[in-house]
Amino acid sequence: MAEKESRKIKIAFTGDLSFSGYFRGKEREDILTPEVKKFLDDSRWTVINLESPVTDSGDTEKERLAHKCDEAAVDFILDIFAAPVVSLANNHMMDFGEKGLADTMKSLDRAGIQRLGAGRNIDEAARPVILESDGFRVGILAFQYKKTGTAGKNSAGPLHDSQKSIIRKTIKNLKKTADRVVVVYHGGEEFLHTPMPYNRKQLQKYISWGADAVVAHHPHTVQGYEFYRGKYIFYSLGNFIFDTDYQRVQKDSEDGMLLKLVFDPDSEKVEFQNLPIRINRDNQTVAAREKDPYFRDINHMDYESFWAEEAVRKKSVLADSNSIEKVEKKKLSRSQKIKKKLAESIKDPGEAKRKLTKKLYLKKGRKKAAGKKN
């Protein structure tokens, strides 16, 4: 039995990490409490979502919420994690343009840290990482939702979820060379406690394409998971080391989840272990906590009612978020708004469809919740 257990491969996954905001300059070893450190140390590798570029550049086109880290963030990752793997596929990686991404990749490469999810072109951005232990190989592919600075044939950026043919082909090829395939996805509705139906359909699709597990983050809150076609989908791990005013106005954004996938070379089944964590906003440390009420199998709950309630709450979430670092926007007339939307749909039909789908589902959820109350 002991020999069988020793053959199992454990890979940990974290939510968002960024030494910006309240964590800026706090890259110290005691930031993680012993229980958190112990959970992570009991893994062969740790896959981390680095939520901001490592750069000294001040050149950004963003009017607000532009995040970046100092070089000390890379030193922290190298010192704390025995074998870190860093995903660059997220919506803040291009906050300081191609230079910010280039600086980040250079820093990670210099430190000998494996990276994935973004690159100087689409080939590099779509290149998976393969983790191997005693001949057992786990392939990991990372991509994200934000249509800003997407990698192309001759342009740098993260891999985007609209690049479906590339993603599907990469998963298919990984199935030929790796024993298991994990998709790391950055996307979902911010600050909600359960995935919307369109998010579920999207992540279920990656299982249908051949992934053996899907691990997601971005909402800054913990969401549930499900066992779909014999494979696990984890919809949001929340925050790991990330704390800003934009997040502080929202419920439970100090909470996160550490995840550990356990692979058995003698079994097709992928098991998991988890540790709920909480950011102490008084001293910027990350500690273990009690069971998270939202980290549950969404097929063993009243999902239909819950997602409808969360669709209602999304309105207040948006209002609270927009109250932080608010930027005055020019008011448009109705005809100007129509022209703007038409121009956007012509420029990027896929993104226009995504926004419309989101809008329709949130509207449907609000109607569903209102109907239940009446």
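Not measured: the values here are computed from a predicted model.

S.K.: Looking at this model, I keep getting lost on the overall build of the protein. Mind explaining?
M.R.: From N to C terminus, the protein includes 11 helices and 16 strands. Against the 2.2 N^0.38 benchmark of 21 Å for 374 residues, the protein shows a C-alpha radius of gyration of 20 Å, consistent with a compact globule. With the C-alpha coordinates aligned to their principal axes, the bounding extent of the protein is approximately 70 × 50 × 45 Å. Sorting the 374 residues of the protein into buried and exposed places 55% on the buried side.

S.K.: Whenever I open this one, the side chain of Ser-107 confuses me. Can you help?
M.R.: Structurally, Ser-107 can be placed in helix H4 (residues 97–111). Setting aside residues up to four positions removed in sequence, Ser-107 forms contacts with Val-54, Glu-71 and Val-74.

S.K.: Which parts of the structure should I look at to understand the pattern of salt bridges?
M.R.: Oppositely charged side chains may form a pair once their charged atoms are brought near each other. Counted under the stated rule, the structure contains 30 salt bridges. Here Arg-7 makes a salt bridge to Asp-266, at a shortest N to O gap of 3.1 Å. A residue pair is termed long-range when its members are at least 10 positions apart, and Arg-7 in helix H1 (residues 2–7) and Asp-266 in the loop between strand S14 (255–263) and strand S15 (270–280) qualify at 259 residues. For Arg-7, a relative accessible area of 39% gives the class partly exposed. A salt bridge links Arg-281 to Asp-243; the nearest nitrogen and oxygen atoms lie 3.1 Å apart. One end of the pair, Arg-281, is in the loop between S15 and strand S16 (285–288); the other, Asp-243, is in the loop between strand S13 (239–241) and helix H8 (245–248), and 38 residues separate them in sequence.

S.K.: What should I look at first to understand the pairing of strand S6 (residues 129–133) in this one?
M.R.: Side chains on a regular strand alternate between the two faces of the sheet. Of the two faces of S6, only the one carrying Val-129, Leu-131 and Ser-133 is buried; Ile-130 and Glu-132 on the other face are not. For S6 and strand S7 (residues 136–144), the ladder comprises five bridges, and the chain directions are antiparallel. Note on S7: the bridge partner recorded for Ile-130 is Gly-139. Linking two consecutive strands that pair antiparallel, namely S6 and S7, is a turn of two residues; a positive phi of about 50° is found at Asp-134 within it.

S.K.: When you look at H4 in this model, what are you seeing that I'm missing?
M.R.: The periodicity of an α-helix, 3.6 residues per turn, causes residues three or four positions apart to be oriented the same way. Look at H4: 22 Å from first C-alpha to last across 15 residues, which is about the 21 Å you get at 1.5 Å a residue. Along H4, the positions that sit buried rather than exposed are Gly-100, Leu-101, Asp-103, Thr-104, Met-105, Ser-107 and Leu-108. One or two residues past the end of H4 sits Gly-112, with phi positive at roughly 75°.

S.K.: Would you explain the packing of aromatic side chains in this entry?
M.R.: The description of two aromatic rings rests on the distance between their centres and on the angle between their planes. Counted under the stated rule, the structure contains 23 aromatic pairs. Seen in terms of ring centroids, Trp-307 and Tyr-361 are 6.2 Å apart; in terms of plane orientation they differ by 65°. Their pairing is edge-to-face. Here Trp-307, found in helix H9 (residues 303–322), pairs with Tyr-361, found in helix H11 (residues 349–373); they are 54 residues apart in sequence, far enough to count as distant. Across the pair, exposure class does not vary: Trp-307 and Tyr-361 are buried alike. Every member of this aromatic cluster is reached through a ring pair, and the members are Tyr-225, Phe-227, Tyr-232, Phe-234, Phe-272 and Phe-295. Arg-296 extends its terminal NZ or CZ atom over the ring of Phe-306, reaching a point 5.3 Å from the ring centre.

Parameters at a glance
- Residues numbered from 1 in each chain as written.
- Predicted model: local features only at pLDDT ≥ 70, side-chain atom pairs only at ≥ 80, totals over all residues.
- Heavy atoms only, no water.
- Helix = DSSP H or I, 4+ residues; strand = E, 2+ residues; numbered from the N terminus.
- Rg over C-alpha atoms; globule rule 2.2 N^0.38 Å.
- Buried < 20%, exposed > 50% of the residue type's maximum accessible area, 1.4 Å probe, protein only.
- Contact = heavy atoms within 4.5 Å.
- Salt bridge = Lys/Arg side-chain N within 4 Å of Asp/Glu carboxyl O.
- Pairing = 2+ DSSP bridges.
- Expected span 1.5 Å × (residues − 1).
- Phe/Tyr/Trp six-rings, centres within 6.5 Å; stacked < 30°, edge-to-face > 60°.
- Lys NZ or Arg CZ within 6 Å of the ring centre and 35° of its normal.

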